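Here is how the chains run, residue by residue.
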Amino acid sequence: MEQIAIDDAKPMNEEELFKKLNTSSKGLTKEEAEKRLAEFGANALPEEKENPLLRFLGYFWGPIPWMIEIAAILSAIIGHWDDLIIISVLLIFNGLVGFWEEHKASNALSALKNQLAVNARAMRDGVWTEVDSKDLVPGDIIRIRLGDIIPADAKLLEGEYLSVDQAALTGESLPVNKSVGEVVYSGSTAKQGEMVAVVVATGVHTFFGNTAKLVQSAGSVSHFQKAVLRIGDFLIFLAVGLAIVLIFVELYRGEKFLDLIQFILVLIIASIPVAMPAVLSVTMALGALALSKLKAIVSRLQSIEEMAGIDILCSDKTGTLTQNKLTMGEAILFDAKTNQELILAGALASKAENKDAIDLAVIGGLHDDKILHEYNQTRFIPFDPVTKRTEAQITDDKGKHFLVTKGAPQVIMDLAKMSDKEEERANEIINDFASKGYRTIGVARSDKKDKWVFLGIIPLFDPPREDSADTIREAQEHGITVKMVTGDNVAIAREISGQLGMGKNIQPATDLFGQSGKEKLHGTARMIEKADGFAQVFPEHKYGIVRALQEKDHLVGMTGDGVNDAPALKQADVGIAVSGATDAARVAADLILTAPGLSVITHAVEEARRIFERMNSYTIYRIAMTIDIMVFVVLAMISFNTYPLTAIMIIMLSLLDDIPIMTIAYDNTYLSPTPVRWQMDRVLTVSTILGFLSVVQTFGLLYLGHKVMFMDTAHIQTSVFLQLVVGGHLLLFVTRNKKSMWRSPHPSWHLLLAIIATQILAVLMTGFGWLVPQLPWKFIGMVWIYNLVWVQILDFVKLGTYHILDHRKRFKRRRLRFVNQYLHPFIRR
């Protein structure tokens, strides 16, 4: 057999198609499926893998490698062979580091993609089972439900209808209704309905040519990275600008042109943040991998930044705040004669294989579920958020036909056209159950005249998760306000919210929005901001809630699980697909939870803040070091008319600085108790003060060498080299913590080991004269003592700077509060 093009499958009837695909309505056996998988390959496009050698050679092409290569060529021309060897080592080292870090980041992202595999429901050996969509083959019988991303090109065989969004494939703006005999395309999304289909083409043979891709733009650049890279560009311009000034001054003094150009190139290379892209990418990727171990998978790397800054989390109630383990209470009868008659009708309007929590709870209420075998469910319309009910057409063992339905009581009551008295009684029962935290299901059955008869009300209770109250309290301690979002009525939401300590100011979404989700009343945004939660929420309302909170300058996290939640998840700063979410919701989300509960989110926020702090501290360190090296060397050459460092020293300084930097992604870091956002002015202020103070520190050693110890130029150069290596790494200890450098969190063993190793190498180089003039051991000791004294000064100044900045921030906040509380109301009056 062979795969069938989707256009060729359209005119075929079911019998022809089964014959062509050598399959049946019972699907394939596991052995046959494995055989076809080996023959046709995975249901995915083969990824084009770049040649590792070409990727490695790519690190020798670009502005930074070009400068290093030119410096190497100039070293060869002027006969500085030591410089040539060391510069070549630097070039290869930078290439190896970049290649290795990219390799680690790539492996981390591949691991994330594997965890985001899309599953499909296929019939194998006559039984419905979940399989990886990559393992689907032509001839597989699959079930497509609301929220599924259709995994392969298929022809619909049975079911009522399927509403499919295929805009990404065909450009059609509205969902298309499909029925038996029509085809559906791989990559489109099921918006409503449920149908069974046969797979006709997979992988490269599909209309779309690929399965759904959940990890989108994983390599794109976040706001944080853009800001840091802008700083990198600024530092490059600063280094080049100072270098141009130095060139003019030194040429005026009669310096040899080639020697000067070689030195300047080496100086620029050492000053600019060569390792910055690699550090950022590996920090983000390894951070995302760490989040995945916490059962939270990042589908968009830049969302880590937003996750660190969210201050409001809108959380679904069912399954996130509650256990999603429904237990049935005492049923209330209307037209049903017995409890079991009512529950049987509800069970017939359910589908066990869909594993829906409500369906399973209702079926579980039967004394003996074997009674279901006496009935044949000939048609089933699954629940969707718009109709808020399920419906089934049933044939009993006597050939009698009837309809059953279950769903939101108000919806079922409207169908049954109840009397005012009965409706009033039903509403009282529903409200009474709701006040006790129960959600209620209405059940109806068609009579002989095909009119709906309201059978009764089934109460279901979904208790709060045991960890929810503690997790909410923990989130509040982290500066995050948790707001409940539920489709249940206000009374249920208020009861559960009160039990969890979230407050009882629950706003019905229907009072705030129209069905479009747009603001309905003046001041709605303020009401949303003040509310503890929202009830009677339709998916469209979630989008409006997010927009309103964002207008109030909040960073918002929003949870969701259904296909209609996608717009709100995309609009939110961090869209979170909860455990068990539909494929469509997972595609729209930034964070995909693989375990139930709110604690997963709070742990993810903590980890995101740690990642943010690592990148923040690295940025401050890198700016300060660039100012220290570049400004010091240029001012020293202009002031003393001598080279304070040799080219080899600058290259070795660059190498020794970069090695510990690569371990920052593993460092222990301060966990902010409040949401964190990128504050460029704060970073520039701290780094500039520390950078210029470091210039003073290095100039101090230069002055001591010249005027106090009367050292010759060679020994002064070695002392300055050691000072920049020691002082640079001690500066890293200062910048990695907003508090005193001696307080926790202490450095990780990765960072500590890398710094100790590079310091030992620097001491051995200067003590034994490897590549640099030898320095007496007592001078080495003096340099270390000098730096240990200065690091205390730098740490003290850092603490003072943060104190002043925090005081200014508090003053601005108080002033803003005063304006909002007193001046704005007065101005409006």
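Since we're looking at a predicted model, the values are computed, not measured.

Novice: What is the right way to look at the overall build of the protein in this model?
Specialist: Check the secondary structure of the protein and you find 29 helices and 22 strands. The burial tally for the protein puts 54% of its 829 residues in the buried class. In the form shown here, the protein has an accessible surface area of approximately 36600 Å², with 58% of it arising from carbon and sulfur atoms.

Novice: Can you help me understand the sheet that holds strand 19 (residues 533–535) in this one?
Specialist: In a beta sheet, neighbouring strands are held together by backbone hydrogen bonds and run either parallel or antiparallel to one another. Here we have eight strands laid out as an open sheet, ordered 8-22-21-20-9-17-19-18, and mixed in their pairing. Unpaired on one side and paired on the other, strand 8 (296–298) and strand 18 (506–508) mark the two borders of the sheet. Direction aside, neighbouring strands of the sheet carry axes that sit 20° apart on average. Alignment of strand 9 (residues 312–316) against strand 17 (residues 481–485), held across five bridges, turns out to be parallel. Bridge pairing links Cys-314 to Lys-483 in strand 17. Here helix 21 (residues 539–551) sits on the sheet and contacts strand 9, strand 17, strand 19 and strand 20 (556–560); the angle it forms with strand 20, its principal contact strand, is near 170°.

Novice: Got a minute to help me understand the confidence of the model for the protein in this structure?
Specialist: Regions with low pLDDT carry predicted coordinates that are not meant to be interpreted in detail. Looking at the protein, the pLDDT average stands at 84 and 88% of residues meet or exceed 70. Low pLDDT, under 50, characterises residues 210–221; the predicted model gives this stretch 32 contacts beyond four residues in sequence or across chains.

Novice: Where do I start with helix 25 (residues 647–661) in this structure?
Specialist: In an α-helix, one full turn covers 3.6 residues, which means residues spaced three or four apart are oriented alike. With 15 residues, helix 25 should cover 21 Å at 1.5 Å per step; its first-to-last C-alpha distance of 22 Å lies within 8% of that length. In terms of burial, helix 25 is largely enclosed, as 14 of its 15 residues are buried.

Novice: Would you mind going over the packing of aromatic side chains with me for this structure?
Specialist: Two descriptors summarise a pair of aromatic rings, namely the distance from one centre to the other and the angle between the planes of the rings. All told, the structure shown has ten aromatic pairs when counted by the stated rule. Where Tyr-375 meets Phe-402, the ring centres are 6.3 Å apart and the plane angle is 85°; that geometry is what we call edge-to-face. Residue Tyr-375 is found in strand 12 (residues 375–381), and its partner Phe-402 is found in strand 14 (residues 401–407); the two are separated by 27 residues along the sequence. Residue classification places Tyr-375 among the partly exposed residues on the basis of a relative accessible area of 23%. A connected cluster of aromatic rings, assembled from ring pairs, spans Phe-433, Tyr-438 and Phe-461. The side chain of Arg-425 reaches across the aromatic face of Phe-334, ending 4.2 Å from its centre. Of note, Arg-445 hangs over the ring of Phe-402, and the distance from its end group to the ring centre comes to 3.8 Å.

Novice: Any chance you could explain helix 16 (residues 420–435) here in plain terms?
Specialist: Between its first and last C-alpha atoms helix 16 spans 22 Å; for 16 residues at 1.5 Å apiece the expected length is 22 Å, and the two agree. Listed in full, the buried residues belonging to helix 16 are Ala-426, Ile-429, Ile-430, Phe-433 and Ala-434. Down the axis of helix 16, the buried set is contained in an arc of 135°. They therefore lie on one face. Of the exposed residues in helix 16, the ones pointing more than 90 degrees away from its buried face are Asp-420, Lys-421, Glu-424 and Glu-428. Packing partners of the buried residues in helix 16 comprise strand 11 (332–333), helix 15 (409–416), strand 15 (438–446), strand 16 (452–461) and helix 18 (490–499). Looking at the residues trailing helix 16, positive phi occurs at Gly-437, about 90°.

Novice: Before we go on, may I ask you to explain the pairing of strand 16 in this structure?
Specialist: Side-chain direction in a regular strand flips from residue to residue, so the side chains alternate between the two faces of the sheet. The buried fraction of strand 16 amounts to nine of the ten residues, a majority that puts the element mostly inside the structure. Sheet topology places strand 10 (residues 327–328) next to strand 16; two bridges connect them, and they run antiparallel. Following the sheet pairing, Thr-327 is matched in strand 16 by Phe-461. Two elements, strand 15 and strand 16, share nine bridges in a ladder whose sense is antiparallel. Bridge pairing in strand 16 places Gly-442 opposite Ile-457. Taking the residues that link successive antiparallel strands as the turn, the strand 15-strand 16 hairpin has five residues, and the phi of Asp-450 there is positive, at about 60°.

Novice: Quick question: what am I supposed to make of a nonpolar patch on the surface here?
Specialist: On the surface, Ile-73, Ile-77, Leu-251, Phe-257 and Leu-258 cluster together into a nonpolar patch covering about 470 Å² of accessible area. Among the elements of the structure, helix 5 (63–77) and helix 9 (257–271) are those that each provide at least two residues to the nonpolar patch. Structurally, Leu-258 is set in helix 9.

Novice: For this particular structure, what's the right way to read unusual backbone geometry?
Specialist: Where the residue is not glycine, phi is negative for most of them; where a peptide bond is considered, it is trans in most cases. In this model, Lys-295 sits at a positive phi of 70°, which is unusual for a non-glycine residue. For Lys-295, the location among the structural elements is in the loop between helix 10 (276–293) and strand 8. Notably, Asp-450 is not glycine yet its phi reads approximately 60°, a positive angle. For Asp-450, the position within the fold is in the loop between strand 15 and strand 16. Of the residues examined, Asp-450 reaches a relative accessible area of 61% and is grouped as exposed.

Novice: Just to check I follow, could you spell out the packing of helix 25 against helix 28 (residues 749–768) for this structure?
Specialist: Two quantities define a packed helix pair, namely the angle between the helix axes and the distance between the axes. In contact at an axis separation of 8 Å, helix 25 and helix 28 are set at 160° when each is read in the N-to-C sense. As the angle between them shows, helix 25 and helix 28 are arranged roughly antiparallel. Listed contacts from helix 28 to Met-652, Leu-656, Ile-659 and Pro-660 of helix 25 are Leu-751, Ala-754, Ile-755, Thr-758, Leu-761, Ala-762 and Met-765. Among the residues forming the contact of helix 25 with helix 28, the class breakdown is ten nonpolar, one polar and no charged.

Novice: Whenever I open this one, the nonpolar core confuses me. Can you help?
Specialist: The nonpolar side chains of a soluble globular protein tend to be buried with one another. Ile-304, Met-307, Leu-591 and Phe-721 are the most contacted members of the largest nonpolar core, which totals 134 residues. When residues in this core are grouped by element, the largest group, 23 residues, is from helix 24 (residues 599–640). In contact with Met-307, not counting residues within four places along its chain, are Leu-291, Val-298, Val-574, Leu-591, Ala-604, Val-605 and Ala-608. Core analysis: the next-biggest nonpolar cluster, separate from the first, contains 28 residues, Ile-297, Val-485, Ile-528 and Ile-592 among them.

Novice: Explanation requested: a negative patch on the surface in the structure shown.
Specialist: Where like charges cluster on the molecular surface, the negative patch consists of Glu-14, Glu-15, Glu-16 and Glu-158. For the negative patch, the element with the most residues is helix 2 (residues 14–21), which contributes three residues. Topologically, Glu-16 is positioned in helix 2.

Novice: Help me understand the environment of Ile-86 in this model?
Specialist: Tracing the backbone through its elements, the reader meets Ile-86 in helix 6 (residues 81–115). A relative accessible area of 8% places Ile-86 in the buried class. Filtering out sequence-adjacent residues up to four positions away, Ile-86 remains in contact with Ile-648, Ile-651, Met-652 and Leu-771.

Novice: Help me understand the environment of Ala-548, please; the structure alone is not making it clear to me.
Specialist: Inspection of the secondary structure assignment puts Ala-548 in helix 21. Overall, Ala-548 belongs to the buried group, its relative accessible area being 1%. Spatially, the C-alpha atom of Ala-548 lies 8.2 Å from that of Arg-526, the residues being 22 residues apart in sequence.

Novice: Got a minute to help me understand the pattern of salt bridges in this structure?
Specialist: Between side chains of opposite charge, pairing is possible as soon as their charged atoms come close. Per the stated rule, a full pass over the model turns up 23 salt bridges. Across the pair Glu-613 and Lys-738 runs a salt bridge whose closest N-O atoms are separated by 2.8 Å. In this pair, Glu-613 sits in helix 24 while Lys-738 sits in the loop between helix 27 (713–735) and helix 28, placing the two residues 125 residues apart along the sequence. Classification of Glu-613 by relative accessible area gives buried; the value is 6%. A relative accessible area of 25% places Lys-738 in the partly exposed class. Put simply, Glu-160, Arg-379, Arg-389 and Glu-391 are held in one network by salt bridges that share partners.

Thresholds, definitions, all that
- Residues numbered from 1 in each chain as written.
- Predicted model: local features only at pLDDT ≥ 70, side-chain atom pairs only at ≥ 80, totals over all residues.
- Heavy atoms only, no water.
- Helix = DSSP H or I, 4+ residues; strand = E, 2+ residues; numbered from the N terminus.
- Buried < 20%, exposed > 50% of the residue type's maximum accessible area, 1.4 Å probe, protein only.
- Areas by Shrake-Rupley, 256 points an atom, 1.4 Å probe, with all protein chains shown as cover.
- Pairing = 2+ DSSP bridges.
- Axes fitted to C-alpha atoms, helices over the stretch in contact; angles between N-to-C directions.
- Contact = heavy atoms within 4.5 Å.
- pLDDT = per-residue confidence, 0-100.
- Expected span 1.5 Å × (residues − 1).
- Phe/Tyr/Trp six-rings, centres within 6.5 Å; stacked < 30°, edge-to-face > 60°.
- Lys NZ or Arg CZ within 6 Å of the ring centre and 35° of its normal.
- Arc of directions from axis to C-beta.
- Patch = residues over 30% accessible without salt bridge, like charges linked within 9 Å, V, L, I, M, F, W, Y side chains within 5 Å.
- Salt bridge = Lys/Arg side-chain N within 4 Å of Asp/Glu carboxyl O.
- Parallel < 35°, antiparallel > 145°, perpendicular 65-115°, else oblique.
- Nonpolar A, V, L, I, M, F, W, Y, C, P; charged D, E, K, R; others polar.
- Core = buried A, V, L, I, M, F, W, Y, C linked by side-chain atoms within 4.5 Å.
- Lys, Arg positive; Asp, Glu negative; His and termini not counted.
- Charge placed at Lys NZ, Arg CZ, Asp CG, Glu CD.

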